[in-house]
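Summary of the model geometry
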Amino acid sequence: MNPNMENEYGGDQIQILEGLEAVRKRPGMYIGSTSSRGLHHLVYEIVDNAVDEALAGYCDTIDVRIDPGNVVTVSDDGRGIPVDINHKAGKSALEVVFTVLHAGGKFGGGGYKVSGGLHGVGASVVNALSEWLEVEVKREGKVYHQKYERGKTITKVEEIGTYDDNTTGSKVTFLPDDQIFEEVEFDFEILKNRFREMAFLTKGLRIRMEDHRNEEEGIKKCDFHYEGGINEFVTYLNKGKTPIYDDVIYCEGTKNGVYVEVAMQHNDGFNESVYSFVNNITTPEGGMHLEGFRRALTKIFNEYAREKKLLKDNEENLTGEDIREGLTAIVSIKIENPQFEGQTKQKLGNSEARGAVDSIVTENLKVFLEQNPSTGKAICEKSILAQRARDAARKARDLTRRKSALDGLSLPGKLADCSDNDPKNCEIYLVEGDSAGGSAKTARDRANQAILPLRGKILNVEKARLDRIYANEEIKSMITAFGTGIHDDFDITKLRYDKIIIMTDADVDGAHISTLLLTFLYRFMPELIKQGHVYLANPPLYKLEKNKNVWYAYSDEELNKILMEVGRDDKNKIQRYKGLGEMDPEQLWDTTMDPEKRILKRVIYDEETASTIDMTFTILMGDQVEPRRAFIEENAKYVQNLDV
């Protein structure tokens, strides 16, 4: 917050770029999709506008309220949206903001230096995709109001009251349009995770949310406020991990008009968890700011290791990957006119960001290491161990490559491959155990369904370095079968199957094996998940027979529904399936493998909640018991069909 910033912010600072007509026809172009993800974007866009006020130094608190019927209200204590006439449009600036696409104070009109959000489309797009929207503004002692329906103005900007104190702010209330969205039910947890991240990235900003949709069960609330900003973000993300030094390393400064903040801390794990942001927008594909950070880190720690004789003269330099093993970091910059590259516009292209981050991190790190030699030594020693493991892994990988070349790229012996050579038509089932694997091999369609039985529980990659992972037989079988390679060698164009289907028993052990497999895929082949190639099979929980008729139920609710239809009596031998091995091949095909009848659950990766996904894997599969217990207790209410 910077109360000394005195930018003029009136009606003529709202810049108009183009009209609104296409939004309702092609909503996906503006909010990504009309699924749950797009629905939640409506809230983010309005909140982003309030966060921009906080970034400019004028807003301290944002309140979000969800009422019955999924009506959302977002209030802030910023300056209040201007209500005076925008002379270019010939109407109130407030109406321009909510009815004209690409209208806002973010386009060189002097309203904002930096801003997040979807580049100014926020308010008008939310309005266009809402059944109705109302806005209330407190500004200069007066309260103003306007209402819209599906993007069209219903009332003029009206003065509806006055007030005596010096407060200002905006309040937006809207109902998403069920003609546009596939579902209009907001998920409290999804919003909560996003708001927590926003609060971490804007130190001092308070974001509160209340959910009043089920007041009989109690109002759900959350309140996020972090004076420590991204320092506290790193501490939060390292929950469930063991840091190798106490303090979070913090770097801050401005260079060539770019404001840079970096916070980082190594833990004793093996995974790199680095998240980058530009004006509070997540950049999943990184870009120039991340390049600058990595370059500075590699340069500084190699210099330090040489200076302190931790690396001998005849030893190779540490790679960036060695230094980043077990690193949790946030790289956050604020920049005017960010340029985004790539098809998904998720990669920062401003070259000045690279130099700024490199310079600020280099300056701050040098000072930190001079004052904290024990921390510098701990980081270098961990990096040197990572270097040795990487060398061992490379030798194992090279040996595997040589063997493959000699064997003519031979596939694992236990893999029952399919005959179709077009990956688009092919799928592979990862099946728990030889018994279920045998049934699946008999049941499958041999033309395009491959079966890979996995013996026991695979290695927990969350607790293992690369050299151990490459040596694990079950993991080697999967890598060879998929064809893509892993880690640095990964190439998705070599994927041999369009669908990778995890098929395990519907019990606690099966869930654990699924989680181990997902952990491996997430850590070493994340693109398989990001590009929608990973699925979970959904075998039935019950088989119901009556008068030689058979029904399968995939949940307790479905079983009860069938029993309501066929009647409850002694002639029913309801069978609760404990495992896939209890099904003969015909049953397995009918219920779980037949593309015409089966239920597959695609594993979805949401870039916007990447830090939450990462932390969940760490909590579930890492060494720390207490965070895992707390997670299980907190989420136990969501468990269905638990079979212990």
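Bear in mind that the values here come from a model prediction, so they are computed numbers and not experimental data. Residue positions are given per chain, counting from 1 as you read along its sequence in written order. For this predicted model, a pLDDT threshold of at least 70 governs which residues receive local features, and a threshold of 80 or more governs which side-chain atom pairs are given and counted, while totals over whole chains, interfaces and linings are taken from all residues. Note that water and hydrogens are dropped before the side-chain values are worked out from all heavy atoms of the structure.

1. Considerations on the sheet that holds strand β15 (residues 281-282)
For clarity, the threshold we go by: A pair of strands is labelled paired if DSSP reports no fewer than 2 bridges between them. Numbering of helices and strands starts at the N terminus; helices are DSSP runs of H or I of at least 4 residues and strands are runs of E of at least 2.
Spatially, the five strands line up as an open sheet ordered β12-β13-β16-β14-β15, and their pairing is mixed. Looking at the sheet topology across the chains shown, the edges are occupied by β12 (249-255) and β15. Here strand β13 (residues 258-266) runs beside strand β16 (residues 327-334); their pairing, made up of eight bridges, is antiparallel. Considered in β16, the bridge of His266 is made with Leu327.

2. Remarks on the sheet that holds strand β26 (residues 600-602)
The test is simple: Simply put, an axis is a line fit to the C-alpha atoms, just over the touching stretch for a helix, and the angle between two N-to-C directions goes from 0 to 180 degrees. By definition in these notes, contact holds between two residues if any of their heavy atoms fall within 4.5 Å.
Strand order in the open sheet made by the five strands is β20-β19-β21-β22-β26, with mixed pairing throughout. Either end of the sheet is taken by a strand with one partner, and the two such strands are β20 (449-454) and β26. Shown here is a sheet whose adjacent strand axes are inclined to one another by a mean of 25°, direction ignored. In the sheet, strand β22 (residues 534-537) pairs with β26 via three bridges, with the strands oriented antiparallel. Residue Leu536 lies in a different strand from β26, and its bridge partner there is Lys601. Running at roughly 170° to β20, helix α11 (residues 434-443) makes contact with β19 (427-432), β20 and β21 (499-503) of the sheet.

3. Side note on the pattern of salt bridges
What counts, and what does not: Every case where a carboxyl oxygen of Asp or Glu lies within 4 Å of a side-chain nitrogen of Lys or Arg is listed as a salt bridge. Any residue under 20% of the maximum accessible area for its type is buried, any over 50% is exposed, and the rest in between are partly exposed; the area is computed with a 1.4 Å probe on protein chains only.
One pass over the full model with this rule turns up 36 salt bridges. Linking Arg213 and Asp211 is a salt bridge whose minimum nitrogen-to-oxygen distance equals 2.7 Å. The class for Asp211 is buried, based on a relative accessible area of 5%. As a salt-bridge pair, Arg523 and Asp614 come within 2.9 Å of each other at their nearest N and O atoms. With a gap of 91 residues between them, Arg523 in helix α14 (residues 508-524) and Asp614 in helix α18 (residues 610-621) connect regions that are remote in the sequence. There is no split in this pair, since Arg523 and Asp614 are both buried. Taken together, the shared-partner salt bridges in this structure form one network comprising Lys241, Glu462, Arg523 and Asp614.

4. Here we look at the nonpolar core
Test applied: Nonpolar cores were defined as sets of buried Ala, Val, Leu, Ile, Met, Phe, Trp, Tyr and Cys residues, with membership established by side-chain atoms within 4.5 Å.
In terms of nonpolar packing, the biggest core is built from 108 residues, with Phe195, Phe482 and Phe520 touching the most fellow members. At nine residues, helix α2 (residues 36-55) tops the list of elements feeding residues into this core. Ignoring any residue separated from it by four or fewer positions in sequence, one finds Phe520 in contact with Ile458, Val461, Ile475, Met478, Ile479, Ile486 and Met525. If you look at the next biggest cluster of nonpolar residues, it comprises 39 residues, including Val258, Ile323, Ile333 and Ala353.

5. Focus on the packing of aromatic side chains
Here is the rule: Between rings of Phe, Tyr and Trp, where Trp is taken as its six-membered ring, a pair exists when centres lie within 6.5 Å; planes separated by under 30 degrees are stacked, by over 60 edge-to-face, and by other angles tilted.
Inspection of every chain in the model, using the stated rule, returns nine aromatic pairs. Judged by centre distance (5.7 Å) and plane angle (20°), the rings of Phe98 and Tyr148 are stacked. Taken as a pair, Phe98 in helix α3 (residues 93-99) and Tyr148 in strand β6 (residues 142-149) lie far apart in primary sequence, 50 residues in all. By relative accessible area, which is 0% here, Tyr148 ends up buried. Taken together, a centroid distance of 3.9 Å and an interplanar angle of 15° make the contact between Phe200 and Tyr226 stacked. Residue Phe200 is located in helix α5 (residues 188-201), and its partner Tyr226 is located in the loop between β11 (220-225) and α6 (230-237); the two are separated by 26 residues in the primary sequence. Of the aromatic side chains, those joined through ring pairs into one cluster are Phe200, Phe224, Tyr226, Phe233, Tyr236 and Phe277.

6. Considering a negative patch on the surface
We count it as follows: Note that patches include only residues with greater than 30% relative accessible area and no salt bridge, and the join distances are 9 Å for like charges and 5 Å for nonpolar side chains (Val, Leu, Ile, Met, Phe, Trp, Tyr). Computed by Shrake-Rupley with a 1.4 Å probe, the accessible areas treat only the displayed protein chains as cover when residues are assessed. Positive charge is attributed to Lys and Arg, negative charge to Asp and Glu, and no charge count is given to His or to the chain ends. Taken as the charge centre is NZ of Lys, CZ of Arg, CG of Asp or CD of Glu, depending on the residue.
Taken together, the side chains of Glu8, Asp12, Asp84 and Glu140 define an acidic patch exposed on the protein surface. Looking at the element boundaries, Asp12 is found in the segment before α1 (28-31).

7. Observations regarding α5
To keep it simple, the criterion reads: To estimate the expected span of a helix, count its residues, drop one, and scale the result by 1.5 Å.
With 14 residues, α5 extends 20 Å from end C-alpha to end C-alpha; this agrees with the ideal 20 Å at 1.5 Å per step. Among the 14 residues that make up α5, 12 are buried, leaving the element largely enclosed by the rest of the structure. Within the span of α5, buried status applies to Phe188, Leu191, Lys192, Asn193, Arg194, Phe195, Arg196, Glu197, Met198, Ala199, Phe200 and Leu201.

8. Things to note about helix α17 (residues 585-593)
How we decide: The directions from the helix axis to the C-beta atoms form the arc being described.
Turning to α17, its buried residues are Gln587, Leu588, Thr591, Thr592 and Met593. Summarising the axial view, the buried residues of α17 lie within an arc of 150°, below the 170-degree limit, and thus occupy one face.

9. Re the pairing of β20
Applied cut-off: Viewed with both strands pointing away, a crossover whose connecting path from the first strand over the helix to the second turns clockwise is right-handed.
With six of six residues buried, β20 is to be regarded as a mostly interior element. A two-sided burial pattern is seen for β20, the buried positions comprising Gln449, Ile451 and Pro453 on one face and Ala450, Leu452 and Leu454 on the other. Sheet topology places β19 next to β20; six bridges connect them, and they run parallel. Note that in β20 the partner of Tyr429 across the bridge is Ile451. In the classification by handedness, the crossover that spans β19, the intervening α11 and the parallel β20 is right-handed.

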